[in-house]
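# Examining the three-dimensional arrangement
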Amino acid sequence: MNVHARRRGYSHAAWLAVLLALGLATPGLAQMRRVVLLYDERTDLPGLATLDARLVATLTAGSPGGVEIYREAMDLSRFAADRHRVLLRNYLRAKYADKRIDVVIPVLGPALDFALAHGREMFPGAAIVFCGIDRREFDARRLPANVTGVILKRVFAPTLELALRLHPGTEHVLLISGSSEFDRRLVEAARVEFRAARPEVTIDYRIGLPLPDLLETLARLPPRTVVLYSTMFTDRTGRPYVPHEVAARIADTANAPVYAFVDQYLGGGIVGGHMYNLDVHAEEAARLALQVLAGTPPSAIPPVERLASADVFDWRQLRRWGIDEHQLPAGAVVRFRDIGPWERYRTTILIAAGLLLLQSALIAALLLERRSRRRSQMALQQSEARVNVQRAELAHLGRVAMVGELSAALAHEINQPLTAILANARAALRLIKSDGPGSVELRAILEDIAADDLRAGTVVHRARDLVKKGGSEPRILSVNEMVAEVLELARTDLQDHGVVARTRLCSPAPRVFGDRVQLEQVLLNLIMNASDAMRETPAGQRLLIVSTVMHGDAVRIEVEDRGSGIAPDALETVFEPFVTTKGDGLGLGLSICRSIISAHHGSIRAQNNSEGGATFVISLPPTTGTGPLNAS
């Protein structure tokens, strides 16, 4: 063999090893998992059908790779002969000879007995996960290593207590059961519980009576009798029965109320009882089976004991025997309630009545609408007028409040030129009194006096414009000029707070049509708020940036600070009235700002900066012509 052939041989061997490894590592891909559900009775019987559906649903949902489920209903109660079991064993062994069964789930004791006796022949290598087996039955068995399951905890005394509670004055208690081994095991367990719980109560045990004799006895029971029914797989003559069918015959014939211990009998005439629910055990057994299918050996999964009993009653039988629902224990479940027309169609009736009332109200409203339309229109016009007046009043009060806040800064701003005027005037007087030449100095002094006077006058004029009522006439305004005027007005206040103000003004200056006083009021309010927001910011980092930008079809004015920012949940409400973060604020400043900007057909919003602080953005429509402001 040459070198190339040897290399090809090594390559094929390597690929074969990989494929074998994958096959061993993923057994779910190599073969389908198979489960057999083994029932002692027909699955169309009440209760078993629900249990079967729960088993299948849980197995299917928990098997992403897929699972084949087979169902075998052995009908052991109607075919109780040993010959039937032998034929059944042979049939199942032949039926599943070509299929590898991974898990068998026997439901109830007879099915488990059959699986333990013949499981190795029928399903070689399969694990057994039982369901609905009483612990007393479990303790009597020696379970192989391949067996686990869910232990059913049957209780009998609570049903006797319920019957005596609902029928005070009871003088006779009759317990009915079959005579099969399984029937007798249950009766013996019930007998032990009854002696411990109610030793003073005498119970008449009717075990294994042929059904005709039993029904004849039940039809002539003495007054003040209650009947307890366990199971009846066979009578003492060996005749087989289906326990569910016997329960219905007993309840229909007896002239006394019949109680039972398992909810599978409910609906056939049984009043109720403290009943165990096999559906819960079915789901738990399916989960254990899924663990086995996933690779966990049954010997590593100890049997699980579940107490799944509840007080359950048939509403129809409560009425039949005159039992008041208020006598039932708290938390009792009542099934098969007969819903009357009102309860059944209450929602429909209420909706129809509501629609009729709504239609009547709508007709009345339409009849009154024409009469009240003109009055409503007049009232609306008057209301709008009042709103406009109130808006103007609020804006004016806002400006007065801001000037009040700026009073110290304005006083300082005005005091500076006045002090300079006084000093220059005194210097001029000294020059006039002296005989020396000083015309040049005197002219410079007088020019300083005039400049300082103009400066003081400008400050007073701007403050007066802000305070005066009514604002100014709308006109075309330079946004850059407005920013400069407002910053000049707030300059001293910003200096007192240690705030450095900068501008980023676009060129050419954008223009808007509006009320200068009102728009400057908005800018001043935002600047003062930004200054207040930076009180906790270190002195060297208090930076205020005012920008003007042409952004698409809008003029934007941005006021940015380096303060503490705005809480995320307050960004949407910060412009609402009476919402404020200031300890002494009224919460009207930003609300007034939004009202003014809205009247100018613009918008205002707030956002937090990634580097800290917040930015308020005003958007206004640009203008290239003139015209009155169409305030809304």
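Presented here is a report on the structure given in the accompanying data block. (Residues numbered from 1 in each chain as written. Predicted model: local features only at pLDDT ≥ 70, side-chain atom pairs only at ≥ 80, totals over all residues. Heavy atoms only, no water.)

## Side note on the packing of helix H7 (residues 157-166) against helix H8 (residues 181-197)
Rules: Note on method: axes are straight lines fitted to C-alpha atoms, helices fitted across the in-contact stretch only, with angles between N-to-C directions ranging 0 to 180 degrees. Numbering of helices and strands starts at the N terminus; helices are DSSP runs of H or I of at least 4 residues and strands are runs of E of at least 2. When describing relative orientation, an angle under 35 degrees is termed roughly parallel and one over 145 degrees roughly antiparallel, while 65 to 115 degrees is termed roughly perpendicular and anything else oblique. Contacts were defined at the residue level, with two residues in contact if any of their heavy atoms lie within 4.5 Å. Each residue receives one of three labels: charged for Asp, Glu, Lys and Arg, nonpolar for Ala, Val, Leu, Ile, Met, Phe, Trp, Tyr, Cys and Pro, and polar for the others, Gly being one of them.
H8 packs onto H7 with a crossing angle of 55° between their chain directions and a minimal axis gap of 9 Å. Between H7 and H8, the angle falls in the class oblique. Taking contact as the criterion, the partners of Ala157, Pro158, Leu160 and Glu161 in H7 are, on H8, Glu193, Phe194 and Ala197. In terms of residue class, the contact of H7 with H8 is made up of five nonpolar, no polar and two charged.

## Examining the packing of helix H9 (residues 211-218) against helix H10 (residues 243-253)
So the rule is basically this: Rotating anticlockwise by less than a right angle from the far helix to the near helix defines a left-handed crossing, while the corresponding clockwise rotation defines a right-handed one.
Contact pair H9 / H10: the axes reach a minimum separation of 9 Å and the direction vectors enclose 30°. Looking at the two axes, H9 sits roughly parallel to H10. The two elements H9 and H10 cross, and the hand of that crossing is right-handed. Contacts from Leu211, Leu214, Leu215 and Leu218 in H9 reach Val246, Arg249, Ile250 and Thr253 in H10. A breakdown of the residues in the contact of H9 with H10 according to their chemical character gives six nonpolar, one polar and one charged.

## Some thoughts on the nonpolar core
To keep things clear, this is the line we draw: Residues grouped as a nonpolar core are buried Ala, Val, Leu, Ile, Met, Phe, Trp, Tyr and Cys residues, joined through side-chain atoms within 4.5 Å. Only protein chains enter the area calculation, which uses a 1.4 Å probe; residues under 20% of their type maximum are buried, those over 50% are exposed, and those in between are partly exposed.
Of all hydrophobic cores here, the largest spans 84 residues; its most connected members are Leu55, Ile105, Phe194, Leu218 and Tyr229. In terms of residue count, helix H11 (residues 278-293) provides more of this core than any other element does, nine residues in total. Contacts of Phe194, omitting those with residues within four sequence positions, involve Phe156, Ala157, Leu160, Leu175, Pro199, Ile203, Tyr205, Leu228 and Phe261. Val559, Ala570, Ile592 and Ile597 belong to the second largest nonpolar core, which has 40 residues in total.

## With respect to empty space enclosed by the protein
Put simply, the rule is: Cavity and pocket criteria rest on a 1 Å grid covering protein atoms alone: a 1.4 Å probe that fits but cannot get out defines a cavity, protein on both sides within 12 Å along at least 5 of 7 lines defines an open pocket, and an atom within 4 Å of a point defines a lining residue. Grid points are joined across faces, edges and corners, and a volume is the space filled by probe spheres set on the points.
If you walk through the whole model with that rule in mind, you get four cavities of 30 Å³ or more. The volume enclosed by the largest cavity comes to roughly 140 Å³. What lines the largest cavity is a set of 14 residues, and nearest its centre among them are Leu108, Thr231, Val262, Gln264 and Tyr265. Of all elements in the fold, only H8 and H10 reach the threshold of two or more residues within the lining of the largest cavity. Looking at the lining of the largest cavity residue by residue, the class counts come to nine nonpolar, three polar and two charged.

## Details of the environment of Gly109
Turning to its location among the elements, Gly109 is positioned in helix H5 (residues 109-122). Of the residues examined, Gly109 reaches a relative accessible area of 0% and is grouped as buried. A sequence separation of 70 residues divides Gly109 from Tyr39, and the C-alpha atoms of the two residues are 9.7 Å apart.

## Here's the deal with the packing of aromatic side chains
The way to describe two aromatic rings as a pair is by their centre distance and the angle between their planes. What counts is decided by this rule: A pair of Phe, Tyr and Trp rings is counted when the ring centres sit within 6.5 Å of each other, with Trp represented by its six-membered ring. The angle between the planes then sorts it: under 30 degrees is stacked, over 60 is edge-to-face, the rest tilted. Any Lys NZ or Arg CZ that is within 6 Å of a ring centre and within 35 degrees of that ring's normal is treated as a charge sitting over the ring.
A full pass over the atoms with the stated rule returns six aromatic pairs. With 6.0 Å between their ring centres and 85° between their planes, Phe575 and Phe616 make a pair best called edge-to-face. Of this pair, Phe575 sits in the loop between strand S18 (554-560) and helix H19 (589-599) while Phe616 sits in strand S20 (residues 614-620), and the two are 41 residues apart along the sequence. On the accessibility criterion, Phe616 (10% relative accessible area) is buried. Ring-pair connections join several aromatic residues into one group, and the members of that group are Tyr70, Tyr96 and Phe123. Its guanidinium or amino end placed over the ring of Tyr205, Arg191 lies 4.0 Å from that ring's centre, counting from NZ or CZ. Sitting above the plane of the Phe336 ring, Arg316 keeps its charged end 4.5 Å from the centroid.

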